[in-house]
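Observations on the three-dimensional arrangement
The chain contents come next:
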Amino acid sequence: MEHQINQDNYNEEPDHKKIKQFEKEVALGLWIQVLGQVIEIKGLTGLLNIERDTDLVGETQILTGVWIKTIGQLLEAISVSCQIGEKDLIKLLQEQKVAITGDFLVSLGAAYEVLGGIRTLGEEETAQTLQIIP
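Residues numbered from 1 in each chain as written. Predicted model: local features only at pLDDT ≥ 70, side-chain atom pairs only at ≥ 80, totals over all residues. Heavy atoms only, no water.

**As for the pattern of salt bridges**
What the rule picks out here adds up to 1 salt bridge. As a salt-bridge pair, Lys69 and Glu113 come within 2.8 Å of each other at their nearest N and O atoms. One end of the pair, Lys69, is in helix α3 (residues 57-83); the other, Glu113, is in helix α4 (residues 89-132), with 44 residues separating them in the sequence. The exposure classification of Lys69 matches that of Glu113, with both residues buried. (Salt bridge = Lys/Arg side-chain N within 4 Å of Asp/Glu carboxyl O. Helix = DSSP H or I, 4+ residues; strand = E, 2+ residues; numbered from the N terminus. Buried < 20%, exposed > 50% of the residue type's maximum accessible area, 1.4 Å probe, protein only.)

So, in C-alpha cells, the structure goes:
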C-alpha cells in the first residue's frame, strides 16, 4: 500500500517538460495576436487614409483603440516570453506585472475602440437619416 501512495504522488507531480511546452504555446499564441494586431492597424490606417469625410472622429478613435491594444498585446507577449524558464522569483514577478499591465492596455484599447465604433455607427445612422428626408 505504501508503494502505491508513493507512485500516486509521483503521478501528481507536474511534468516540467509539458509545462514548458504549454508555456511556449501560450507565448506563440500571444505573438500571433501581435502580428494580427499589426495587420489590423495597417488595414485600418489604409481605410482611414482613403476616407474622404472630414469628420472621422469615430474612425480615428477606433484606430487609437487598436494601437493601445497592440501596445498592450506586445507588452504581454514580450513579458510571457521572458517568463519562460525564468528562475529568479523577483524577475518573474516583475514580468508578471508587465503582463498584467499589457492585459490592462488591451482591455482599455478595446473599450476605446468600442466607444469609437458606437460613435461611428451613430454618425452613419444620422447621415443616412438626413439623406432620406427631402
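**A closer look at the packing of helix α2 (residues 16-50) against α3**
The description of two helices packed together rests on the angle between their axes and the distance between the axes. Look at α2 against α3: their axes get within 9 Å of each other, and the N-to-C directions meet at 160°. When the axis of α2 is compared with that of α3, the two are roughly antiparallel. Seen from above, α2 lies across α3 with left-handed handedness. Tallied by class, the residues present in the contact of α2 with α3 amount to 17 nonpolar, 7 polar and 4 charged. (Axes fitted to C-alpha atoms, helices over the stretch in contact; angles between N-to-C directions. Parallel < 35°, antiparallel > 145°, perpendicular 65-115°, else oblique. Left-handed = near helix turned anticlockwise from the far one by under 90°. Nonpolar A, V, L, I, M, F, W, Y, C, P; charged D, E, K, R; others polar.)

**What to know about the side chain of Thr120**
Along the chain, Thr120 turns up in helix α4. Not counting chain neighbours up to four residues away, the residues in contact with Thr120 comprise Gly58, Glu59 and Ile62. (Contact = heavy atoms within 4.5 Å.)

As far as function goes, none of this settles anything; it's purely spatial.
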